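# Commentary on secondary and tertiary structure
The primary structure of each chain is shown beneath.
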There are 2 protein chains.
Amino acid sequence: MADARRGRGRPAAGSSIDARAAILAAAGEEFRSAGYEGTSLRGVARRAGVDPALVHRYFGDKAALFSAAVDLAGLPRARLSDLLSGPRSELGHRIVRLALTEYEDPALRDQMVAVVRAAIGSAPMSHLATSFVSTEVVARFAEVAESAGGDDAGLRADLVSTQLFGLFTMRYVLAVEPLASAPIDAIVAAVGPTIQRYLFEELQGPPGA
Amino acid sequence: MADARRGRGRPAAGSSIDARAAILAAAGEEFRSAGYEGTSLRGVARRAGVDPALVHRYFGDKAALFSAAVDLAGLPRARLSDLLSGPRSELGHRIVRLALTEYEDPALRDQMVAVVRAAIGSAPMSHLATSFVSTEVVARFAEVAESAGGDDAGLRADLVSTQLFGLFTMRYVLAVEPLASAPIDAIVAAVGPTIQRYLFEELQGPPGA
């Protein structure tokens, strides 16, 4: 009964989830090795061992597949949600720690590096990445800032994102030293208060205040 | 006499400077429109109206030409030097203001956006850009932090760079709103203290300290 409602030819739940996962894993590998321009739905299907029509049916076009693969790349949406609901006094530190520990895993890091390279390197991809990150990440920071009664929640959330994005790119994409080898604890202690301030503290005071 | 010492076939000072400037301007345009991979010394020479051998003689290879064009793109080396030698109490604010006002000029901004896209989008370019920025910019921040008696000058300079890079990329490359349209004064007030803290203040205190 349930299967019938899913429409003709669609596989049963178990195999559908497996196929989606296989496609997403294959897409992550293709985007990483071939770049965005060099990746095709057909190539992803071949690597995943599925019919190209299935990739199209599940994900639509390449942009949508990329967006889903970004999510797979470890953008910690669920964990972000847990983390944002915790106590506020050390939230900045928790955000930085999550962002870093997440990407100490080489597979996730490599995938996210590929995402950042694609997102910055090509203008159409930038648009996609921006809208994805705005919706999924920046909007959550804005909710937190707003719930604390802060004004300018949108700008605060963007400022948090500038710091996290710059940190990720210089540590993992460009691998600038000594930052790339610095212990996570040192970075959390240094950058946590920046995030905390952007989210919750007075931002428009005079210099030295 | 002076000309003779410059070696055979090299033009006199006046025309040499003109030709260099023409080549650099042409290189900036080529890198912007064709990307790093799509740019050739020959194409740059054609656009500059000079012999390709001259491009090679002045700049060597494409990587070196790119590095020189980055400099042209407005990386404010001389102004950075002036700025770093000023009083310390508002240095963070001055750095952020310089970084932003510099790129309100659409021509400089477009060129720098192209540089960032090339630098992040391709792994070989990342290496070049990292070594350039490390030598020309991050090293100067480290000197400032060190001269103030701070420990960890290298890490402090990297942290400054993460914030400035993230700010530039999100405001100008990705054009994320409301950041992209925020008044410079508001961003200076918000981000200046971050830079100030990374350069001069205690970074390893406990959360909430």
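What you see is a predicted model; the values in this text were computed from it and never measured. (Residues numbered from 1 in each chain as written. Chains lettered and ligands numbered in written order. Predicted model: local features only at pLDDT ≥ 70, side-chain atom pairs only at ≥ 80, totals over all residues. Heavy atoms only, no water.)

### Considerations on the overall build of chain A
Secondary structure assignment for chain A yields eleven helices and zero strands. Starting at the N terminus and ending at the C terminus, chain A contains elements arranged as α-α-α-α-α-α-α-α-α-α-α. Out of the 209 residues in chain A, the part that is buried amounts to 51%. Restricting to contacts in chain A with at least 6 residues of sequence separation, those with at least 24 account for 67%. Carbon and sulfur atoms make up 55% of the accessible area of chain A, which amounts to about 9400 Å² in all. (Helix = DSSP H or I, 4+ residues; strand = E, 2+ residues; numbered from the N terminus. Buried < 20%, exposed > 50% of the residue type's maximum accessible area, 1.4 Å probe, protein only. Contact = heavy atoms within 4.5 Å. Areas by Shrake-Rupley, 256 points an atom, 1.4 Å probe, with all protein chains shown as cover.)

### Considerations on the confidence of the model for chain A
Residues and elements named next belong to chain A. Scored by pLDDT, chain A has a mean of 80; 81% of the residues are at 70 or more. No element of chain A has a lower mean pLDDT than helix H1 (residues 2–5), at 40, and none a higher one than helix H11 (residues 184–200), at 96. In the predicted structure, residues 1–13 sits below a pLDDT of 50 and forms nine contacts with residues beyond four places in sequence or in another chain. Reported confidences for the modelled complex are a pTM of 0.73 and an ipTM of 0.73. (pLDDT = per-residue confidence, 0-100.)

### Points about helix H4 (residues 52–59) of chain A
Residues and elements named next belong to chain A. Restricting attention to buried positions, one finds in H4 the residues Leu-54, Val-55, Tyr-58 and Phe-59. One side of H4 carries all its buried residues, which in axial view fall inside an arc of 100°. For H4, the side-chain oxygen to backbone nitrogen distance between the N-cap and Ala-53 is 2.8 Å, and the N-cap itself is Asp-51. (Arc of directions from axis to C-beta. Polar contact = N/O pair within 3.5 Å; in protein donor to acceptor, adjacent residues only side chain to side chain.)

### Structural notes on the packing of helix H8 (residues 106–121) of chain B against helix H10 (residues 153–173) of chain B
All names here are of chain B. Look at H8 against H10: their axes get within 11 Å of each other, and the N-to-C directions meet at 115°. Classed by the angle they form, the pair H8 and H10 counts as roughly perpendicular. The way H8 lies across H10 gives a crossing that is left-handed. Residues Arg-109, Met-112, Val-113, Val-116, Arg-117 and Ile-120 of H8 touch H10, and the partners they reach there are Phe-165, Phe-168, Thr-169, Tyr-172 and Val-173. Its residues assigned to classes, the contact of H8 with H10 comprises eight nonpolar, one polar and two charged. (Axes fitted to C-alpha atoms, helices over the stretch in contact; angles between N-to-C directions. Parallel < 35°, antiparallel > 145°, perpendicular 65-115°, else oblique. Left-handed = near helix turned anticlockwise from the far one by under 90°. Nonpolar A, V, L, I, M, F, W, Y, C, P; charged D, E, K, R; others polar.)

### Some remarks on the interface of chain B and chain A
Contacts between chain B and chain A engage 44 residues on the former and 45 residues on the latter. Connecting chain B to chain A are zero salt bridges. Applying the counting rule to chain B against chain A returns 18 residue pairs in polar contact (both at pLDDT 80 or more). Broken down by secondary-structure element, the contributors of at least two residues to the side of chain B that touches chain A are H8, helix H9 (123–147), H10 and helix H11 (184–200) of chain B. The biggest single contributor to the side of chain B that touches chain A is H10 of chain B, with 13 residues. (Salt bridge = Lys/Arg side-chain N within 4 Å of Asp/Glu carboxyl O.)

### A word on the pattern of salt bridges
Residues and elements named next belong to chain B. Applying the stated criterion across every chain, the model contains ten salt bridges over all chains. Residues Asp-151 and Arg-156 are paired through a salt bridge, measuring 3.3 Å at the closest nitrogen-oxygen approach. Note on Arg-156: relative accessible area 5%, which makes it buried.

### Focus on the relation of the copies chain B and chain A
Mapping chain B onto chain A is achieved by rotating through 180° and translating by 0.0 Å along the same axis, at an RMSD of 0.0 Å. Read as a symmetry element, the transformation amounts to a two-fold axis. A share of 100% of the interface residues of chain B reappears at the interface of chain A, consistent with the copies meeting face to face through the same patch. (Least-squares fit on C-alpha atoms with pLDDT ≥ 70 in both.)

### Here we look at the side chain of Thr-194 of chain A
One can find Thr-194 of chain A in helix H11. For Thr-194 of chain A, a relative accessible area of 4% corresponds to the buried category. Here Thr-194 of chain A is in contact with Gln-163 of chain A together with Gln-163, Thr-194, Arg-197 and Tyr-198 of chain B, once residues within four sequence places are set aside.

### Examining the packing of aromatic side chains
With the rule as written, the count across this model stands at nine aromatic pairs over all chains. Note on Phe-168 of chain A and Tyr-172 of chain A: the rings are 5.1 Å apart at their centroids and 55° apart in plane angle, and the pair reads as tilted. You can see Phe-168 of chain A and its partner Tyr-172 of chain A sitting in helix H10 (residues 153–173), four residues apart, about one turn around the helix. Each member of the pair, Phe-168 of chain A as well as Tyr-172 of chain A, carries the same accessibility label: buried. Arranged with centres 6.4 Å apart and planes meeting at 65°, the rings of Tyr-103 of chain B and Tyr-172 of chain B form a pair that is edge-to-face. Of this pair, Tyr-103 of chain B sits in the loop between helix H7 (91–102) and H8 while Tyr-172 of chain B is found in helix H10, placing the two residues 69 residues apart along the sequence. Here Tyr-103 of chain B and Tyr-172 of chain B have matching classes, each one buried. Each residue in the set Tyr-103, Phe-168 and Tyr-172 of chain A is aromatic and connected to the rest through ring pairs, giving one cluster. (Phe/Tyr/Trp six-rings, centres within 6.5 Å; stacked < 30°, edge-to-face > 60°.)

### Side note on unusual backbone geometry
Residues and elements named next belong to chain A. A cis amide bond links Glu-177 to the next residue, Pro-178, at an omega of 10°. As for its placement among the helices and strands, Pro-178 is situated in the loop between H10 and H11. Despite not being glycine, Ala-175 has its phi angle at roughly 50°, a positive value. Position of Ala-175 relative to the elements: it lies in the loop between H10 and H11.

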